[in-house]
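Observations on chain architecture
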Amino acid sequence: PNDASSMNVPVSLNLFQRLLRQWEQVHTYNAAQAMQLRGSMDVSRATAAWHETLIATGLGRARTGWRSFEFETPGLPWRDRPIAEVAADRPLNEFLAQQLNRRFDDPEEPPFRPFLLHGDGSYHLGIIYEHWIADSVSSRMLMREWFLRLHAPAEARTKPFHQPEQGYWHLFGPNHSNWTWLEGLLQAARLYLQYRKTRKIESAYL
């Protein structure tokens with residue numbers, strides 16, 4: 001069995017997540033990923049594969065605090081909800097535009113809204129998600145797991161996703177370039193003197 005309980009550990013919100021959550025107080029900030037596949041798909045089969053994906057990856061409802069968040073263990077009543085089924089005559093761009101501006105205001109649902117859009121000889125599977133919860137790379141990893149459970153279940157992931165715990169500081173901090181604090185201060189001073197010579201362009205609003 002999957003050790004989904006390992007997901008029930010609070011993880012600190014990084015700088016970008018905090019900024020996105022502040023922005024959401026002004027306007028909804030969702031994101032979307034979709035893939036087009038040949039053939040047709042039954043909504044009940046797609047729904048079952050989606051629920052299996054959430055359980056295997058350990059992604060349930062997200063509970064947020066002031067500076068941290070955590071995923072609840074999947075297996076709650078929302079599993080009975082079918083994914084959204086979109087008619088073939090509705091353009092994908094129209095559906096996405098509407099969903100990207102639809103706020104996640106149900107505290108009982110996960111921060112992902114999967115959908116199936118039928119087409120002529122093909123179909124789209126996709127997810128609308130709260131952008132603060134994942135970047136595009138992470139969401140594509142989730143989409144891949146959904147695809148595998150539909151078409152290559154033997155290759156699907158069997159362990160929950162690992163939540164990052166150190167944010168982005170290791171990418172931009174002193175350990176990334178192996179410079180000391182003194183070298184960092186000297187570099188900052190050099191940049192300050194360099195940009196002081198930059199010509200400013202005044203702009204006026206009409």
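Along each chain, residues carry numbers from 1 onward, in the same order as the chain's sequence is written. Local features in this predicted model are restricted to residues of pLDDT 70 or higher, and side-chain atom pairs are both shown and tallied only at a pLDDT of 80 or more, whereas totals for entire chains, interfaces and linings draw on every residue. Only heavy atoms go into the side-chain values, all of them from the structure, while hydrogens and water stay out.

Thoughts on the overall build of the chain
Formally: Labels follow the DSSP assignment, with helices taken as runs of H or I lasting at least four residues and strands as runs of E lasting at least two, numbered in each case from the N terminus. Residue burial is assigned from relative accessible area. The probe radius is 1.4 Å, only protein chains are included, and a residue is buried under 20% of its type maximum, exposed over 50%, and partly exposed in between. The contact criterion used is simple: two residues touch if any of their non-hydrogen atoms lie within 4.5 Å. Surface accessibility follows the Shrake-Rupley procedure with a 1.4 Å probe radius. Residue values consider only the protein chains on display as shielding.
The helix and strand tally for the chain stands at seven helices and seven strands. Secondary structure elements in the chain, listed N-terminal to C-terminal, are β-α-β-α-β-β-β-α-β-β-α-α-α-α. Out of the 206 residues belonging to the chain, those deemed buried represent 37%. Partitioning the contacts of the chain with sequence separation of at least 6, the portion at a separation of at least 24 is 73%. Put simply, the chain shows about 13600 Å² of open surface, and 54% of that area lies on carbon and sulfur atoms.

Some remarks on the sheet that holds strand S3 (residues 62–64)
How we decide: By the convention used here, strands pair only if DSSP detects at least 2 bridges between them.
Ordered by their spatial adjacency, three strands build an open sheet running S1-S4-S3, and the pairing between neighbours is antiparallel. At either margin of the open sheet sits one strand with a lone partner, and together these are strand S1 (11–12) and S3. Judged from the two bridges that link them, S1 and strand S4 (residues 68–71) form a sheet pairing that is antiparallel. Paired with Ser12 across the two strands is Ser68, which belongs to S4.

Some thoughts on a nonpolar patch on the surface
Applied cut-off: Patch building starts from residues that exceed 30% relative accessible area and form no salt bridge, then joins like charges within 9 Å and nonpolar side chains (Val, Leu, Ile, Met, Phe, Trp, Tyr) within 5 Å. The rule for a salt bridge is simple: a side-chain nitrogen of Lys or Arg has to be within 4 Å of a carboxyl oxygen of Asp or Glu.
There is a patch of nonpolar side chains on the surface, built from Leu15, Phe16 and Leu19 and spanning about 290 Å² of accessible area. Within the fold, Leu15 resides in helix H1 (residues 15–24).

Brief notes about the packing of helix H2 (residues 43–57) against helix H4 (residues 136–151)
Note the following rule: Interaxial angle, 0 to 180 degrees, is taken between N-to-C directions of lines fitted to C-alpha atoms, where a helix line uses only the stretch in contact. Any angle that falls under 35 degrees is termed roughly parallel, while one over 145 is termed roughly antiparallel, one within 65 to 115 roughly perpendicular, and all others oblique. Handedness of each helix crossing follows the sense of rotation of the near helix against the far helix: counterclockwise by less than a right angle gives left-handed, clockwise gives right-handed.
Taken N-terminus to C-terminus, the directions of H2 and H4 make an angle of 125 degrees; their axes are 9 Å apart at the nearest point. The angle between the axes of H2 and H4 places the two elements in the oblique class. Crossing angle aside, the handedness with which H2 passes H4 is right-handed. For the pair H2 and H4, contact is made by Arg45, Ala46, Ala49, Trp50, Glu52, Thr53, Ala56 and Thr57 and by Leu142, Glu145, Trp146, Arg149, Leu150 and His151, respectively.

Quick look at the layout of surface pockets
Over the atoms a probe the size of a water molecule is rolled, and this reveals where empty space is left. Where we set the bar: The method works on a 1 Å grid over the protein atoms by themselves. A cavity is a set of points holding a 1.4 Å probe that cannot get out, a pocket is an open set with protein on both sides within 12 Å along at least five of seven lines, and residues with an atom within 4 Å of a point line them. Grid points are joined across faces, edges and corners, and a volume is the space filled by probe spheres set on the points.
The space that makes up the second largest pocket amounts to roughly 320 Å³. Contributions of two or more residues to the lining of the second largest pocket are made by H1 and S3. If one sorts the elements of the lining of the second largest pocket by residue count, S3 sits on top with three residues.

Examining the environment of Gly121
For Gly121, the location among the structural elements is in the loop between strand S6 (112–118) and strand S7 (122–130). Along the backbone, Gly121 and Ser40 are 81 residues apart, and their C-alpha atoms lie at a distance of 6.7 Å. Ignoring sequence-local partners within four residues, the contact set of Gly121 consists of Arg38 and Gly39.

Some points on the pairing of S6
Put simply, the rule reads: With its strands directed away from the observer, a crossover is right-handed exactly when the path from the first strand over the helix to the second travels clockwise.
Among the seven residues of S6, six are classified as buried, and the element is accordingly described as predominantly covered. In terms of strand pairing, strand S5 (residues 84–86) meets S6 through three bridges, oriented parallel. Within S6, the position partnered with Ala84 by the bridge is Phe115. Read as a crossover between parallel neighbours, the route from S5 over helix H3 (residues 92–100) to S6 is right-handed. As consecutive antiparallel partners, S6 and S7 are separated by three residues, and within that stretch Gly121 has a phi angle of approximately 85 degrees, a positive value.

Considering the packing of aromatic side chains
A ring pair, where both rings are aromatic, is described by two values, the distance of the centres and the angle of the planes. Heads up, the condition is: Any two rings among Phe, Tyr and Trp, with Trp reduced to its six-membered ring, count as a pair given centres within 6.5 Å; such a pair is stacked if its planes are under 30 degrees apart, edge-to-face if over 60, and tilted if neither. Any Lys NZ or Arg CZ that is within 6 Å of a ring centre and within 35 degrees of that ring's normal is treated as a charge sitting over the ring.
All chains considered together, the criterion is met by five aromatic pairs. Linked through ring pairs, Trp50, Phe112 and Trp146 together constitute an aromatic cluster. Positioned above the aromatic ring of Trp132 is the side chain of Arg21, whose terminal nitrogen or guanidinium carbon lies 4.8 Å from the ring centre. Its guanidinium or amino end placed over the ring of Phe104, Arg113 lies 3.8 Å from that ring's centre, counting from NZ or CZ.

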